[in-house]
Amino acid sequence: MSLIVAIDVSDNVIAVVGAEEHVLKSGPLAGPGWVKHFREVPSRRKRAYLRALPRRYSKILNYLRVSRITRDITDVDRLLHSLRPKLAIIDDRIFNEVRYEHKVKESTVKASHLKKLILLADNLANCFRIILKERPKEFNDELSRFTR
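The model shown is predicted, which means the values in this text are computed figures rather than measured ones. (Residues numbered from 1 in each chain as written. Predicted model: local features only at pLDDT ≥ 70, side-chain atom pairs only at ≥ 80, totals over all residues. Heavy atoms only, no water.)

J.: Before we go on, may I ask you to explain helix α4 (residues 112-134) in this structure?
T.: Residues spaced three or four apart along an α-helix face the same direction, because each turn holds 3.6 residues. The terminal C-alpha atoms of α4 lie 33 Å apart, and with 23 residues this matches the ideal 33 Å at 1.5 Å per residue to within 8%. By the criterion of burial, α4 is predominantly enclosed, with 18 of the 23 residues buried. (Helix = DSSP H or I, 4+ residues; strand = E, 2+ residues; numbered from the N terminus. Expected span 1.5 Å × (residues − 1). Buried < 20%, exposed > 50% of the residue type's maximum accessible area, 1.4 Å probe, protein only.)

J.: Teacher, can you tell me more about the pairing of strand β2 (residues 13-20) here?
T.: Each regular strand displays side chains that alternate between the two surfaces of the sheet. Of all 8 residues making up β2, 8 are buried, and the element is well covered by its neighbours. Here β2 shows no split at all, with Val13, Ala15, Val17 and Ala19 on one side and Ile14, Val16, Gly18 and Glu20 on the other all buried. Alignment of strand β1 (residues 3-10) against β2, held across 8 bridges, turns out to be antiparallel. Looking across to β2, one finds that Ala6 is bridged to Val17. When β2 meets strand β3 (residues 66-70), the two strands line up antiparallel, connected through 5 bridges. The residue bridging Val16 from the neighbouring strand is Arg68, located in β3. (Pairing = 2+ DSSP bridges.)

J.: What should I look at first to understand the environment of Ala125 in this one?
T.: Along the polypeptide, Ala125 turns up in helix α4. Remark: the alpha-carbon pair of Ala125 and Arg68, spanning 57 residues in sequence, is separated by 9.5 Å. In contact with Ala125, not counting residues within four places along its chain, are Asp8, Val9, Ser10, Val13 and Ala15. (Contact = heavy atoms within 4.5 Å.)

J.: What should I look at first to understand the packing of aromatic side chains in this one?
T.: Geometry of an aromatic ring pair is reported as the spacing of the ring centres plus the angle between the planes. In total, this model carries 0 aromatic pairs according to the counting rule given. Between the NZ or CZ atom of Lys103 and the centre of the ring of Phe95, over which it lies, the distance is 4.3 Å. (Phe/Tyr/Trp six-rings, centres within 6.5 Å; stacked < 30°, edge-to-face > 60°. Lys NZ or Arg CZ within 6 Å of the ring centre and 35° of its normal.)

J.: Would you explain the sheet that holds β1 in this entry?
T.: Strand pairing within a sheet occurs via backbone hydrogen bonds; the two strands may be parallel or antiparallel. Spatial strand order, β3-β2-β1-β4-β5: 5 strands in an open sheet with mixed pairing. The sheet terminates laterally at β3 and β5 (103-105), the two strands that pair on one side only. Going across the sheet, the axis of each strand differs from the next one's by a mean of 15°, ignoring polarity. In the sheet, β1 pairs with strand β4 (residues 87-90) via 4 bridges, with the strands oriented parallel. (Axes fitted to C-alpha atoms, helices over the stretch in contact; angles between N-to-C directions.)

Here it is, written out as structure tokens:
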């Protein structure tokens, strides 16, 4: 098993996204050119990017082993210990809070196939941060569209 997990935080929303390494390197996840860092999307395009995210994400969801949103760091610890990934790439802001043996800081990752996973986690965390801020009553309903 070569599961790799990326964990990103945006305000108080934590996204956990994971896939097998071979899928990241040569599978369908190797190609999604639409995945961009949310800060790099021009401000006039951010709304359209967020509207398109559920449709685009649904196309790759079956290739992910895990896609979760939480607001509790202990949920992340439990999930990591149950999945036992080969590597957990953790957002620098919560690196010290996550208890897992095989972890690295997001800022140290250089491999492009791993950066794609980091961007997916970043997009998911940002999307749900915005949902929580602008449409909090829809937060739980939206979870089913993005999680597995």
